[in-house]
Structures are given as C-alpha cells and as structure tokens.
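What follows is the residue order along each chain.
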Amino acid sequence: MSLSYTLAGPCQHLEDIKKSRFLAQAAPVDTPEAALAFVRQVSDAAATHNCWAYRIGQDYRFNDDGEPGGTAGRPILQAIEGQGIDRAVVVVTRWYGGIKLGAGGLARAYGGTAAECLRLAERVAIVAMARLGLQCEFAELALLKARLKECEAQIEEERFGAAGVELVLRLPESRVAEAQARIVDITRGRAAARRLD
C-alpha cells in the first residue's frame, strides 16, 4: 500500500516571473467546502487573477479565474498530483507586471509556483483510520485504556451503563487486529471489539 501525504499546515511561496508576482498559498483540507472557503479567504480582490485547484481523494476541481483555459488551474492540479499530495488546496494569485507570458509561460508560472510551494511544505502521512466499539466491565476499564493506548487507540466515546462501559475507539487501520487481540486477552474473551466503519 503506497502512502499518501497531505500538508502539515498552511504554507506559501512567492515568485517574480517577468515582472508579474505569483503567490502560491496552500493548505490541508478534508472537504470541498473547506477548500472553497480557503480560496475565498486568501484570494486578493486587487490581484489580476486568483487561480486554484484542490484534490481530496477522487474529488478534484480547478479554476483559471479568467486566464486562458488550461493555463492556470490544471497546471496547479498537476503540481498537487506531481508532488503526491492529497487533501490539499492551492491558490496561486497573480499580480500582472506588464509582460505577457503566453500560454506556455503561464502554465509554467502557475504550475511551477504551486509545485515549489508544495515541495517546500512540511508533509504528514495520511493514515487510514478505523473505528471499533466494545463493551467491558468497570474493573477492566483502566487496564484496557492503558493497553489500547499502546495501539495508538483514542477513545471517542465512553458511556457508563448498568452492565458496564461502552467504548468507541479510533485507531490506525494497521493496529486493529492487535487491539482486538488485546481486548479479548484482557477481558478473558468476555468482550470483543466490533468494526463500526
């Protein structure tokens, strides 16, 4: 399974190309709505163009914002894909400096500025997560919590009832089998974790 990466946080990169200024601003996003909100947030109304692209899994969009078709948004998207980035949005803002770049020059300027921004950005691996649910006795709770923390499990929900405690865990997909085995072991087979996703 190949790892994919997203950005650790927002980043930017500025380049001057034939008197035009190109500012690439990128950020990690989980939804198209978050991507479009970032585009609105960082776009400069006083700039000549605010071109952008995002990729979130199989979902992607791009926009040339008035530049000739295919010279801005698509090269930005290609930069995202070329850098192996997912769940990210990039906005490249251009302030026109008086020298026309031509279609090839524009594509290189937008794509190149976006690619350099992403190349310099700090990345984090996207880890596939899973959710498990289980019920245990009160007496087993402290030991279960301690041992499940070793499997990188986080407790999303904890509900106390007459019969014991109901837990919902979130943990890396790669640790599910280990966590399930620990739960059976600690509870001597009385509790088994079931997949919730």
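Throughout this document, residue positions are counted from 1 along each chain, in the order its sequence is written. Residues qualify for local features only when their pLDDT is at least 70, as the model is predicted, and side-chain atom pairs are given and counted only at 80 or more; totals for whole chains, interfaces and linings, by contrast, use all residues. Based on all heavy atoms of the structure, the side-chain values leave hydrogens and waters out of the count.

## Examining the sheet that holds strand β8 (residues 129–136)
Two strands in a sheet stick together by hydrogen bonds in their backbones, pointing the same way (parallel) or opposite ways (antiparallel).
Line of reasoning, step 1. Here the rule is simple: two strands pair whenever DSSP picks up at least two bridges between them. Numbering of helices and strands starts at the N terminus; helices are DSSP runs of H or I of at least 4 residues and strands are runs of E of at least 2. If you trace the 4 strands from one edge of the open sheet to the other, you get β9-β10-β8-β11, paired in antiparallel fashion. Edge positions in the sheet fall to β9 (154–161) and β11 (194–195), since each has one partner strand and no second.
Line of reasoning, step 2. Examined bridge by bridge, β8 and β11 share 2 bridges and lie antiparallel to one another. In the sheet register, Gly133 faces β11, and the bridge partner there is Arg194.
Line of reasoning, step 3. The contact criterion used is simple: two residues touch if any of their non-hydrogen atoms lie within 4.5 Å. Lines fitted to the C-alpha atoms define the axes, with helices restricted to the stretch that makes contact. Angles between their N-to-C directions range from 0 to 180 degrees. Sheet contacts for helix α4 (residues 141–149): β8, β9 and β10 (164–172); angle to β9, the most-contacted strand, approximately 170°.

## What about the side chain of His49?
Line of reasoning, step 1. In this fold, His49 is placed in strand β4 (residues 49–56).
Line of reasoning, step 2. A distance of 2.7 Å separates a polar atom in the side chain of His49 from the backbone oxygen of Asp65.
Line of reasoning, step 3. Beyond its immediate chain neighbours, meaning those up to four positions away, His49 contacts Asp65, Gly66, Glu67, Val92, Thr93, Arg94 and Tyr110. Polar contact is defined as a pair of N or O atoms within 3.5 Å, subject to the rule that within protein one atom must be able to donate a hydrogen and the other to accept it, and that residues adjacent in sequence are counted only when both atoms are side-chain atoms.

## Observations concerning the environment of Ala34
Line of reasoning, step 1. Structurally, Ala34 can be placed in helix α1 (residues 32–42).
Line of reasoning, step 2. Three labels apply to residues, based on accessible area from a 1.4 Å probe with only protein chains included: buried if under 20% of the type maximum, exposed if over 50%, partly exposed otherwise in between. By relative accessible area, Ala34 is classed as partly exposed at 32%.
Line of reasoning, step 3. Through-space distance from the C-alpha of Ala34 to that of Val89 is 9.0 Å; in sequence the pair is 55 residues apart.

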